[in-house]
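# Summary of structural features
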Amino acid sequence: MNAIILQKITAIVGAEFCKTDKEELHCYSYDGSKQAFLPDAVVFPDSTAQVAALLKLANKHQLPVTARGAGSGMTGGALPVQGGLILACSRLNKILEIDAENQIAIVQPGVITGEFQQELQKYKLLYPPDPASLKFCTLGGNAAECAGGPSAIKYGVTKDSIIGLEVVLANGDILNTGGRTEKGVVGYDLTRLFIGSEGTLGVITKIITRLQPLPECRETFLIQSTSLQQATQLVARILQNNILPCTLEYMDKTAIHIVSDMLPTPPADDIQAMLILEIDGHKEHVQGQVKQLKTLLQQEPHCSLQQAASRREIRDIWQARRSISPAAYKLNPNKTSEDVVVPRTRIPELVHFCEALGKRRNLTILTFGHAGDGNIHVNIMTPEQSAQNIDTVTTAKTELFQEVLRLGGTLSGEHGVGNTKSAFIKMELDKTSIKIMQQLKTLFDPNAILNPGKIFPTAK
Ligand SMILES: Cc1cc2nc3c(=O)[nH]c(=O)nc-3n(C[C@H](O)[C@H](O)[C@H](O)COP(=O)(O)OP(=O)(O)OC[C@H]3O[C@@H](n4cnc5c(N)ncnc54)[C@H](O)[C@@H]3O)c2cc1C
């Protein structure tokens, strides 16, 4: 990087907070997608003013800038594919305000999601979005990806919990969207535009979240099934029976196998699928819903219902569920993860298709995920990373996407496009949508400095 620009960057953040040594650069070169691209420098601003000064400078010199939270994204979103600056949000990590009376909070983007949730418990409040990565991912990364988690079935995804943002634009201007109120329809909804925009339209520097009262009680169940089809059909039937769980997660036999030692009791060999189901709310409401669930399960010959008996059992169940993605590497290190979504009633067809696809292409495919909202994680694995195997996986991925779209679904529910799916967006989006999105990108970022190479395959 040009020494004069580097000097100017150092003047903005201080020498200690601008890193250019190779070891440091490597630490910021990868994410959950397992690709690696080296940046030219990593900066650690600690205020909106510093972010604004950095972007103004970068824009003037047409230097790429990629915002980074925890780097846990699965689609390469935080990777500097064209070099330039990594703008690390780790020092923008303060909870600025918790307004318990109005049930809102204002946070900086580098706050860790799980730590925010823990802090809110002191106020008996809940910030529902709960990605499985919540112990390390950040609220900024969640906003930029529109992260979801098990609780989305009842409480929605990140966009449903954010009511306002402060964003620094590519030219250094500071934009405030939304506000502290639940409602607000003055002008376009720019808050929603930025959520899920993967750092391509601006750098988020403040987030206003809406909060919920912490539910009085929660009951956790495991549903084990000797029939994959019955288990997946049950997902839609539960909701059709007026049971609204706050989580409804699914694991297939392979997923169960890799985390079985973490579950409270090891499942029997003939178990083909498992659902984790939770119901929360006031005590009477929960009791009523549990009764309905038990009645429903009595009509399901291949499914058994088991209630978690202690906090420890609940912790073990969730530890097992959240460990599926990393544990899958034990099974096979060459793993591609997709997070497709289909309407709930089409889950059985999707899962059946994945089984057949694995057999046809000689690949190990495991499925698990947020069945309650139709968001199924499909992990495709090959024994080794040869050119031929990479081609086979790309073909399998294309066939999977075709099937998902045929079933009325979408290619990604929460992981976004990044650079790993950019070649596929044309399968889902029509020409007009892509053109409008590219025009928006140009409007916000005319010099294409913000996270270039993401979402659109042809963007600079
Ligand atoms: C084990 C594991 C489990 C996971 N489970 C889930 C899950 O259940 N649900 C789910 O949704 N995801 C899940 N993920 C994916 C990932 O954790 C989420 O996408 C998360 O939102 C990324 O947050 P991050 O802080 O790591 O962001 P990063 O990976 O650092 O960045 C993600 C994107 O956000 C942008 N960005 C970051 N900060 C800002 C900012 N301040 N302003 C503008 N753009 C910004 C980056 O440029 C990038 O495009 C999982 C990942 C792992 C490794």
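Residues numbered from 1 in each chain as written. Predicted model: local features only at pLDDT ≥ 70, side-chain atom pairs only at ≥ 80, totals over all residues.

### Details of the domain arrangement of the protein chain
This is how the line gets drawn: Each domain's limits were defined by an automated method or a database of domain assignments.
Domain parsing of the protein chain yields domain 1 (3-88), domain 2 (96-213), domain 3 (217-324) and domain 4 (332-414). One C-alpha centre belongs to domain 1, the other to domain 4; they are set 33 Å apart.

### Side note on the pairing of strand β10 (residues 203-210)
The following threshold applies: Three exposure classes are used, all based on how many other C-beta atoms lie within 10 Å of a residue's own C-beta (placed from the backbone): buried at 20 or more, exposed at 12 or fewer, and partly exposed between those limits. Under the DSSP-based scheme used, a helix requires at least four consecutive residues in state H or I and a strand at least two consecutive residues in state E, with every element numbered from the N terminus. Note on pairing: DSSP must find at least two bridges between two strands before they are called paired.
With seven of eight residues buried, β10 lies mostly within the body of the structure. Bridge count between strand β8 (residues 162-168) and β10: six bridges; the pairing is antiparallel. Within β10, the position partnered with V167 by the bridge is I204.

### Notes on the packing of helix α8 (residues 228-240) against helix α13 (residues 347-361)
The condition is simple: Simply put, an axis is a line fit to the C-alpha atoms, just over the touching stretch for a helix, and the angle between two N-to-C directions goes from 0 to 180 degrees. Should the near helix be turned anticlockwise from the far one by less than a right angle, the crossing is left-handed, and should it be turned clockwise, the crossing is right-handed. Once C-beta atoms have been placed from the backbone, residue pairs whose C-beta atoms lie within 7 Å are recorded as contacts. In this classification, the charged set is Asp, Glu, Lys and Arg, the nonpolar set is Ala, Val, Leu, Ile, Met, Phe, Trp, Tyr, Cys and Pro, and all remaining amino acids, among them Gly, are polar.
Between α8 and α13, the least distance of the axes is 8 Å, while the angle of their chain directions is 145°. Considering how the two elements wind past one another, α8 and α13 form a crossing that is right-handed. Every residue of α13 that contacts α8 at L228, Q229, T232, Q233 and V235 is listed here: I347, P348 and V351. Split by residue class, the contact of α8 with α13 holds five nonpolar, three polar and no charged.

### Topic: the sheet that holds strand β2 (residues 41-43)
Hydrogen bonds along the backbone pair up the strands of a sheet, which may run parallel or antiparallel. Taken together, four strands build an open sheet; the order of strands is β1-β2-β4-β3 and the sheet is mixed. Strands at the two margins of the open sheet, each flanked by one partner only, are β1 (18-19) and β3 (65-68). Direction of pairing for β2 relative to strand β4 (residues 85-88): parallel, over a ladder of three bridges. Each bridged residue has a counterpart across the sheet, and for V42 the counterpart in β4 is I86. Relative to the sheet, helix α1 (residues 3-13) contacts β1 and β2, its axis offset from that of β2 by approximately 20°. Here helix α3 (residues 48-60) sits on the sheet and contacts β2, β3 and β4; the angle it forms with β4, its principal contact strand, is near 165°.

### Overview of the packing of α13 against helix α14 (residues 387-406)
Just so we agree on the cut-off: Comment on the angle field: the value is read as roughly parallel under 35 degrees, roughly antiparallel over 145, roughly perpendicular from 65 to 115, and oblique elsewhere.
Here α13 crosses α14 at 155°, and the two axes come no closer than 11 Å. Classified by the angle their axes make, α13 and α14 are roughly antiparallel. Here α13 runs over α14; the crossing is right-handed. Contact residues: L350, F353, L357 and R361 in α13; T392, A396, E399, L400, E403 and V404 in α14. Looking at the contact of α13 with α14 residue by residue, the classes come out as six nonpolar, one polar and three charged.

### Things to note about the site of the ligand
The condition is simple: In this text, near has one meaning. A residue is near a molecule or strand if its C-beta atom, placed using the backbone, is within 6 Å of it.
Taken together, 37 residues are adjacent to the ligand, and G69, G73, G77, G141 and G199 come closest. Looking at the shell around the ligand, the elements that each hand over two or more residues are β3, α5 (139-145), β10 and α12 (324-331). Among the elements that take part in the shell around the ligand, α5 stands out by supplying five residues, more than any other. Across the shell around the ligand, the residue classes tally to 14 nonpolar, 18 polar and five charged.

### Quick word on unusual backbone geometry
Positive phi, normally seen in glycine, also occurs at K124, with a value near 55°. Along the chain, K124 falls in the loop between α4 (113-121) and β7 (125-126). For K124, a count of 12 C-beta atoms within 10 Å puts it in the exposed group.

### Thoughts on α14
Formally: Helix span, as expected, comes to 1.5 Å for every residue beyond the first. In this description, the arc belongs to the directions extending from the helix axis to the C-beta atoms.
Under the 1.5 Å per step criterion, the end-to-end length of α14 is 29 Å for 20 residues, consistent within 8% with the ideal 28 Å. A396, L400, F401 and V404 are the residues of α14 that are buried. The buried residues of α14 occupy one face: seen down the axis, they fall within an arc of 140°. Turned more than 90 degrees off the buried face of α14, the exposed positions are A387, Q388, D391 and Q402. Just beyond α14, the residue with positive phi is G408, at close to 90°.

### Description of the sheet that holds strand β15 (residues 303-307)
Pairing within the open sheet is antiparallel, and its seven strands lie in the order β15-β12-β14-β13-β17-β18-β16. Both edges of this open sheet fall to β15 and β16 (334-341), since each of them pairs with a single strand only. Shown here is a sheet whose adjacent strand axes are inclined to one another by a mean of 20°, direction ignored. In the sheet, strand β12 (residues 217-225) pairs with β15 via five bridges, with the strands oriented antiparallel. In the strand pairing of β15, L222 is matched with Q306. Sheet contacts for helix α10 (residues 283-298): β12, β14 (273-281) and β15; angle to β14, the most-contacted strand, approximately 155°.

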